[in-house]
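# Structural overview
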There are 2 protein chains.
Amino acid sequence: MPTPQVTNFADADPSDKALLGGKGAGLAAMTAEGLPVPAGFIVTTAACSAYYDTEGVISNSLWDQVERAVTGLEEQTGKAFDDLSRPLLVSVRSGAPVSMPGMMDTVLNLGLNDATADALGDLTGDPDFSWDCYRRFIQMYGEIVLGVEGDLLRGGKTHEATRLGRPTATESRELVRDLQRSISNRTGHIVPAEPEKQLRQAIAAVFGSWMNRRAIAYRQLEGIPDDLFTAVTVQAMVFGNTGPTSGTGVVFTRNPTTGEPGLWGEYLQDAQGEDVVAGLRTPQPIQALADLDPGAYEQLVAMGDQLERHNRDSQDIEFTIEHGKLWLLQTRAAKRTGRAAVRVAVDLVNEGVISEREAVLRVSPSRLEELLHPLVQPDNTTVELVRGLPASPGGASGIAVFTADEAVSLTEAGHAVVLVRTETSPDDFHGMVAAQAIVTSRGGVTSHAAVVARGMGKCCVVGCEDLLVDAEHQLFRTPTATVTAGDHITVDGTTGTIYLGEVPTVEPVLDSDFETLMTWADNFRRLDVRANADNSHDAAVARSLGAQGIGLCRTEHMFFEGERIVAMRQMIMAPNAIARAEALSKIEPLQTEDFEALFTSMDGLPVTVRLLDPPLHEFLPHRNEIADQVTDLKLQLTGATTLATVNELLGQINHLEETLAQIERLSESNPMLGHRGCRLGVSYPEITSMQARAILTAAVRCERNDISVQPEIMVPLVAFAAELEHQHQIVTEAAAEVFQREGHTVDYSIGTMIELPRAALTAAEIAETAEFISFGTNDLTQTTLGLSRDDSSRFLPGYVRRQIIQSDPFQTIDQSGVGALVRHGASASRNTKPTIKTGICGEHGGDPASIDFFHHSDIDYVSCSPYRVPVARLAAAHAAINDGRD
Amino acid sequence: MPTPQVTNFADADPSDKALLGGKGAGLAAMTAEGLPVPAGFIVTTAACSAYYDTEGVISNSLWDQVERAVTGLEEQTGKAFDDLSRPLLVSVRSGAPVSMPGMMDTVLNLGLNDATADALGDLTGDPDFSWDCYRRFIQMYGEIVLGVEGDLLRGGKTHEATRLGRPTATESRELVRDLQRSISNRTGHIVPAEPEKQLRQAIAAVFGSWMNRRAIAYRQLEGIPDDLFTAVTVQAMVFGNTGPTSGTGVVFTRNPTTGEPGLWGEYLQDAQGEDVVAGLRTPQPIQALADLDPGAYEQLVAMGDQLERHNRDSQDIEFTIEHGKLWLLQTRAAKRTGRAAVRVAVDLVNEGVISEREAVLRVSPSRLEELLHPLVQPDNTTVELVRGLPASPGGASGIAVFTADEAVSLTEAGHAVVLVRTETSPDDFHGMVAAQAIVTSRGGVTSHAAVVARGMGKCCVVGCEDLLVDAEHQLFRTPTATVTAGDHITVDGTTGTIYLGEVPTVEPVLDSDFETLMTWADNFRRLDVRANADNSHDAAVARSLGAQGIGLCRTEHMFFEGERIVAMRQMIMAPNAIARAEALSKIEPLQTEDFEALFTSMDGLPVTVRLLDPPLHEFLPHRNEIADQVTDLKLQLTGATTLATVNELLGQINHLEETLAQIERLSESNPMLGHRGCRLGVSYPEITSMQARAILTAAVRCERNDISVQPEIMVPLVAFAAELEHQHQIVTEAAAEVFQREGHTVDYSIGTMIELPRAALTAAEIAETAEFISFGTNDLTQTTLGLSRDDSSRFLPGYVRRQIIQSDPFQTIDQSGVGALVRHGASASRNTKPTIKTGICGEHGGDPASIDFFHHSDIDYVSCSPYRVPVARLAAAHAAINDGRD
């Protein structure tokens, strides 16, 4: 059978969406189900393809088929084009096989002209109605088919006449004439009076819009092939605006916010859909229909059930009631919140509609995150200050503070605070812990602020370019406002919006549906999911969210709190290894306690501890801070009146200048590529040694308390296998010392973080020493692309806009570059050592698209921030199911 | 025939160096040549191997052979061990197949004891001589064979008795007793009296020293296998210290500094070699021997010729004359300067001794550099201040200056200056141009200072860690001195030494021998050699040194001079594209002139111009400079007495603070990975456009003047193929504009610099747009290894010391990491486009070891700083010859 170019709804095969388009297939399906759908036919994608084959001509053969279909429609409806006793009006809509913004949309009321408008007025006894329809038709047709700018037709007189309600027939008649005149002036054509001509032009316009610029750009962006083509559906009009027994509405078969079963939606009596959109009248909840027309309501409930079973998903249904008769105009899978998605998926399994596998696929991993964070109430009317990059989801309010110390002290005084900084550094950590939310004017979604905030499940917005922080004066400026310390602001990390004042937030609930769905997901996935957590609290959160271990514990955060930073600075200033060791010995018992707490939280699960990574200067005070103090003291000096004061001030200046000199000595042009990672451990083996002792002493103590430990010691930033060998030996020696002293031995392993291209390229050699490798894809992205994550927010958005890259490579892994290195590294290391464990501990470990890539790259586990663990579990399940390997 | 464990010189096969050791083979060869060599035998490496097989025992069978060899020696010499009428004395020396520091060296006069010492005294009529020999023997034996610390034996009485000349026999007798007592106290043994025992212990000691710690460490470092083993040569003693008709000396067959033919060396009458070394007496030039003993001198000349012809190279010969009889003790290839190496190689070809191919291989490329720079006079006695890394060879003196501006103004005032900085930036460029030499306290051999200095062929020492620059007070401190502005210093860039005061330098001469050798080299090499040059002067120098084009012209240096930097800063501060274009239009004509001059210098050769690369903030003044000015003004403010002054000062402060804010906005955490390279061209297409117009306008003008141009426009720092496509389009449009305007079209090509791992990994895709690619191996090393070249000098030396890496990866390419990317990139891009041109434009382009790697990596050309061009040409020839592909 040849592919039909035209088919009526009843004859079409609803499963052939490629031929019928999404809209046409939906209508055909409803027709096949025996549901009350206004009759109509589909001009298929095959016809569109033929149209382009003949360079934009509707062939005689196609037009013959359309005419036959119109005749069929006339027979079915008992109406006819230009029949003044029963005029046939139709809607014409585009409908591609995939959802396609940018194309021509809808022309309603096609078939009207002066004569049929009058006739319809006579028939309905409501010429205001029929002429209003006609005016709308002329306007839509002019804009959509003839390509006149919408503003030109919607503005001026039309706007005047329609803005307060439906115009009279006389007024509409005037408007129609004016519109035709405008259209003619603009295009040299008017809207034809003959319905056949109207239809022919409308079909050609839909076909033509497939190749307009916006549609082509959209397809390029989304990777949709040009040769899918669009179909056109032509359907008899029904009218909800014909009196009190008519109306129109939209219903969801389940609550799209909560997923709760039961009709949810709106109904507007004596109205067309357009009126709802225009906001001229306020619709009522759908339950109102139960009182107005119990029969129609019952019918709607039953049809909703039927459509749900048939389409195997919660539906979003458009309907019209014309003189008490219910017509369904469209049905589609309902859009829903993450929370609703979970509940609907689980309920549909319990109702026997879908399988567990399908339920897992029904929930998008990225939507899952919504469940885990409080949300800024969506429909708030608060003043929006500025927008940045949504770095960590959730919503929080608090008073603006500009330093970490202030964040802590105000929090201790009982205030909720939002920390606002140009950017953050590890020095700000205590302030970030204290704050409810973090805002930075610089940095991208993987900047320090973003990473740490996500790790803490704390709401964060970064890269607010229009927000200028003036920390000195304790204020920030936006184009519209100046916010000073103490003012309340609200941060919406889900959308990236900052509001002035307090906006209420909605708390998340992790219900049993969530647990059920995650259990199903876990049954499918191949990848393990661990969490990046630096302390026992985060570890406990991660564990409660299903983490199967800690994939990355960054020990540097342990060096900042309280007296530790003092000892750390002593160590950095130490003139030799002995003095360094002495300073380290003050830190060692504290680190040991930290590890003990962490291991206890993760009883029975593996914990990967990364040795000290950041360059030492990060632990020193900021240069500018000290320099400003020096300047202040020098200013005081000019006002000093006694020799004692002068001497005192000079002494202070001297001391500060020595500190400055030390900071200068340690300062680096490119700290990212500087003296950090295992390079520190090679230069100062006593640091590695101290950390290894702390980890393994904690492990021994845990085992003595019947806590099962699996410590994995990770050497960071290895470029050369010999670096790892060097560190391996130091750790091994420290282990021997601890086990000897404690009289107890613990199993542990030593591995490395692959975060430099050279390490990935030489993974075969590195794997000779490493028992596990974990790809630090953040730094690997920075080095492979030569792209600083802190600095690139200035130009990366432009790159995405210009389509030089498809997405931020710090969010979704760059498959051709960084991904190629990950694959090479994983396979080369496994060649050397088949038992090697391979993981991902960069931000990409929590990104669904990246997780899919890792699933295919022979990786054993991904590790992500605690609050992304469920996202990663679900994404891993999706990857496995889509791979057919579940 | 079984491998002999012992063989006399005459029976040995001189070509079997592996068996005889280097020393033994040389003696066997001279013996075979009929030259007067004291008789002797060799205990071979096979014997040493057997010694280790039996765990350190000299087997009876070996000892039997040694005894037979001793008997043979006794027959040959007519002397015998312990024969009081003709006592046989021998030397025992180690001699491995390769030169091996760290092993036992030499025991002379073996065979002496109380009786033979007396007998020798009687025979020679000189008991002072014989007992002095005996004392020396006891001392050497004690130290070398019995392992007593040398100081213990050389100090005290021995020192007292010998420091003023030869002791009397009586004194020596006393010393021998004392020495034996010391040795016995220390070891429980004395030096045995029996010559056979002496010999047996000495041979065992030589064998044993093969496995001492120093020798093992040396072999590990040099990659010498342990199972080469060492031989022992045992040779009859001859004595140069037996009166005026005796003596000892060392001669070179050609001058080792200049290569001039003719004996060159020293002779010391009535002496043993030891006396020369001890510096007790000053030897005479060898020509003195012509007067003292014309026959011996003639003989020496003839033997030198004979040895040269036989060994096919200039020789370094040790000899002794005993009672008028000339004996040769050793010959080996003479060590020589680069200049001598060239002359000797060319002369030997002209003399028909070696082939051109051999001549090319005889000169080490790295030594060639010495010929191209003035040198600090080697034997100066000036005070050495400090040592750093030798970054760019040559020597220069001048007065110390601490800012670029001062360097310029003092140079203009007629002074020679040395610019001393903590480190340099592009801002210092004009000062570097003006200075005779550059010294920095920070940075490695590929730091900005080093790279720019080498590019200019200017002497430079970097990373002087013990040199603290205090620019504010215009001075620097070293551990021993403080040098203030105006003091003279001398910089030796060849050794990395800084001297206080002026040290004379020696100017280089590029003679016809150099040209001849380079012509031969060019006939062998496959790789083309281009130069990195930024202006027509450097280009002309490069061309005179044989460059076949410019592989890298860095256009950013063109933005710094005079009014250009003003326009550049205007551009950076410009609020929009129009203002930017306006500022750029001031630079365009100047750039056009620059390119015209450059193309003219390179008439007929290709010139690769790289578009603007550094981040824009490099063109702004330094933050600290402005901040200091602000501080100064604030201090002035406190002393201001009129409102007018206050207002004036506040105005200035305001203006500076605005500039500071701009600097802050543009500042980056990791500029190396920041907004630079083609990222600038993507953000500000008008910069690319301006540069393309300037390049092509210059090209058109040149062609009109009959100058042949081959411009190659290089887009820097591409990570994504789409970036190159974007820039390609802008350049193409600019070209069309220029060609249209000028009515003349020029052939040009567009390519890219591969300096990021991602670019190398995706070279196949990039090659679709690029007509050439050039690997920027400096930045590729930084990103692949995650190693900042500016910051790594702090720990890289430690890495080399700890043998984590074998060499500085910024000097010699890291083959497994960066090299792997280069190979992948070259082959992948050639797969896409077989005609693509591939080059290297990092510092590695001038490094011989790296050039060998590139020769094997399907690279078309290397590009290096002008003064390294000859080095690269020679290294490329070596690579081709060694490859067998010449």
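Residues numbered from 1 in each chain as written. Chains lettered and ligands numbered in written order. Predicted model: local features only at pLDDT ≥ 70, side-chain atom pairs only at ≥ 80, totals over all residues. Heavy atoms only, no water.

### Thoughts on the overall build of chain A
Let me state the cut-off plainly: Working definition: helices are DSSP H or I runs of at least four residues, strands are E runs of at least two. Numbering for both runs from the N terminus. To sort residues, take the accessible area from a 1.4 Å probe on protein chains only and compare it with the maximum for the residue type: under 20% means buried, over 50% means exposed, and anything in between is partly exposed. Areas reported as accessible are Shrake-Rupley estimates using a 1.4 Å probe. Residue values count occlusion only from the protein chains shown. Under the convention used here, Asp and Glu are negative, Lys and Arg are positive, and both His and the chain ends fall outside the count. Note on charges: their place is set at NZ of Lys, CZ of Arg, CG of Asp or CD of Glu.
Within chain A, the secondary structure is distributed over 35 helices and 31 strands. Taken over the C-alpha atoms alone, chain A extends approximately 105 × 70 × 55 Å along its principal axes. Taken over 886 residues, chain A has a buried fraction of 58%. Just so you have it, chain A exposes about 34500 Å², and 49% of that area is on carbon and sulfur atoms. One way to put it: in chain A the 71 positive side-chain charges average out to a point 3 Å from where the 119 negative ones average out.

### Here's the deal with the environment of Ile687 of chain B
Residue and element names in this part refer to chain B. The condition that has to hold: In this analysis, two residues are considered to be in contact whenever any of their non-hydrogen atoms come within 4.5 Å of each other.
Here Ile687 is to be found in helix 27 (residues 685-704). Considering only alpha carbons, one finds Ile687 and Ala699, twelve residues apart in sequence, at a separation of 18 Å. Setting aside chain neighbours within four positions, we find Ile687 in contact with Met571, Leu584 and Leu612.

### Points about helix 28 (residues 721-742) of chain A
Along an α-helix, residues three or four positions apart point the same way, because every turn accommodates 3.6 residues. We count it as follows: Helix span is expected to be 1.5 Å times the residue number reduced by one.
Along its 22 residues, helix 28 of chain A runs 31 Å from first to last C-alpha, staying within 8% of the 32 Å computed at 1.5 Å per residue. In this structure, the buried side of helix 28 of chain A is in contact with helix 26 (678-683), helix 27 (685-704), strand 27 (710-715), strand 28 (749-754) and helix 30 (763-766) of chain A together with helix 32 (796-801) of chain B. Once helix 28 of chain A finishes, Gly743 of chain A follows within two positions and takes phi at roughly 65°, a positive value.

### Considering the pairing of strand 24 (residues 528-532) of chain A
Residue and element names in this part refer to chain A. Quick reminder of the rule: Whether two strands pair comes down to DSSP finding at least two bridges between them.
Most of strand 24 sits inside the fold, with four of its five residues counted as buried. With four bridges connecting them, strand 24 and strand 31 (residues 861-864) associate as parallel partners. Residue pairing for strand 31: Asp528 is matched across the bridge by Tyr861. By the bridge criterion, two bridges tie strand 24 to strand 25 (residues 550-554) in an arrangement that is parallel. Paired with Ala531 across the bridge in strand 25 is Ile550.

### Regarding a negative patch on the surface
This is how it is decided: Here a patch means residues that are over 30% exposed by relative accessible area and free of salt bridges, tied together within 9 Å if like-charged and within 5 Å if nonpolar (Val, Leu, Ile, Met, Phe, Trp, Tyr). Note on definitions: salt bridges are taken to be side-chain nitrogens of Lys or Arg within 4 Å of carboxyl oxygens of Asp or Glu.
Residues Asp405, Glu472, Glu625, Asp628 and Asp632 of chain A make up a contiguous surface patch of negative charge. Top element by residues in the negative patch is helix 24 (residues 623-639) of chain A. It accounts for three residues.

### A look at the sheet that holds strand 8 (residues 284-285) of chain B
Backbone hydrogen bonds hold the strands of a sheet together, and the pairing may be parallel or antiparallel. All names here are of chain B. To keep things clear, this is the line we draw: Only the stretch in contact is used when fitting a helix axis, every axis being a line fitted to C-alpha atoms; angles between N-to-C directions are given from 0 to 180 degrees.
Strands sit in the order 8-7-6-9-10 across an open sheet of five strands; the sheet is antiparallel. With one partner strand each, in any of the chains shown, strand 8 and strand 10 (325-333) form the two edges of the open sheet. Sheet analysis places strand 7 (residues 261-269) next to strand 8, joined by two bridges and oriented antiparallel. Residue pairing in the sheet places Tyr267 in a bridge with Gln284 of strand 8. Most of the contacts of helix 13 (residues 294-311) go to strand 10, to which it runs at about 30°, and overall it touches strand 6 (247-254), strand 7, strand 9 (315-322) and strand 10.

### A few points about the packing of helix 34 (residues 848-855) of chain A against helix 35 (residues 869-882) of chain A
Two numbers describe a pair of packed helices, the interaxial angle and the distance between the axes. Residue and element names in this part refer to chain A. For clarity, the cut-off: Any angle that falls under 35 degrees is termed roughly parallel, while one over 145 is termed roughly antiparallel, one within 65 to 115 roughly perpendicular, and all others oblique. In this scheme, a crossing is called left-handed if the near helix is turned counterclockwise away from the far one by less than a right angle; it is called right-handed if the turn is clockwise.
It is at 9 Å that the axes of helix 34 and helix 35 come closest, and there the two elements cross at 50°. With respect to helix 35, the axis of helix 34 lies oblique. Read as a crossing pair, helix 34 and helix 35 show a hand that is right-handed. Along its contact with helix 34, which presents Pro848, Ile851, Asp852 and His855, the element helix 35 presents Val871, Ala872, Ala875, Ala876, Ala879 and Ala880.

### Some thoughts on the confidence of the model for chain A
To be explicit about the condition: Think of pLDDT as the predictor's per-residue confidence, scored from 0 to 100.
Scored by pLDDT, chain A comes out at a mean of 90, with 96% of its residues at no less than 70. Confidence estimates for the predicted assembly give a pTM of 0.79 and an ipTM of 0.78.

### Digging into the pattern of salt bridges
All told, the structure shown has 70 salt bridges over all chains when counted by the stated rule. Residue Arg421 of chain A pairs with Asp428 of chain A through a salt bridge whose shortest N-O separation is 3.4 Å. Exposure remark for Arg421 of chain A: the relative accessible area of 17% places this residue in the buried category. When its relative accessible area of 5% is taken as the criterion, Asp428 of chain A is described as buried. The closest approach of N and O atoms between Asp316 of chain B and Arg332 of chain B, which form a salt bridge, is 3.4 Å.

### What about the interface of chain B and chain A?
The cut-off we apply is this: A simple way to read buried area is as the amount of 1.4 Å-probe accessible surface that goes missing from two parts once joined, with both sides added. Nitrogen and oxygen atoms within 3.5 Å of one another constitute a polar contact, given that in protein one can donate a hydrogen and the other can accept it, and given that sequence-neighbouring residues count only through two side-chain atoms.
Each partner contributes to the interface: chain B provides 52 residues, whereas chain A provides 52 residues. Between chain B and chain A, the buried area comes to about 4700 Å², and carbon and sulfur atoms account for 57% of it. Run the count over chain B and chain A and you get two salt bridges. Seen at the junction of chain B and chain A, the total is 24 residue pairs in polar contact (both at pLDDT 80 or more). When residues of the side of chain B that touches chain A are traced back to their parent elements, those giving at least two are helix 24 (623-638), helix 25 (643-666), helix 26 (678-683), helix 28 (721-742), helix 29 (757-761), helix 31 (777-785) and helix 33 (815-832) of chain B.

### Thoughts on the packing of aromatic side chains
We apply this condition: Ring pairs shown here join Phe, Tyr and Trp side chains whose ring centres sit within 6.5 Å, with only the six-membered ring taken for Trp; geometry is labelled stacked below 30 degrees between planes, edge-to-face above 60, and tilted in between.
Following the criterion strictly, the structure yields 32 aromatic pairs over all chains and no others. Both rings, one in Tyr52 of chain B and one in Phe229 of chain B, keep their centres 5.8 Å apart while their planes meet at 20°; by these two values the pair is stacked. With Tyr52 of chain B in helix 2 (residues 45-53) and Phe229 of chain B in the loop between helix 10 (213-222) and strand 5 (231-236), this residue pair connects regions lying 177 residues apart in the sequence. Given the relative accessible area of 23%, Tyr52 of chain B is considered partly exposed. Ring geometry for Phe559 of chain B and Phe619 of chain B: centres 6.0 Å apart, planes at 80°, overall edge-to-face. Taken together, the positions of Phe559 of chain B in the loop between strand 25 (550-554) and helix 22 (563-573) and Phe619 of chain B in the loop between strand 26 (606-610) and helix 24 put the pair 60 residues apart, joining distant regions of the chain. Under the relative-accessibility criterion, Phe559 of chain B is labelled buried at 0%. By the ring-pair criterion, three or more aromatic residues cluster together here, those being Tyr51, Tyr52, Phe207, Trp210 and Phe229 of chain A.

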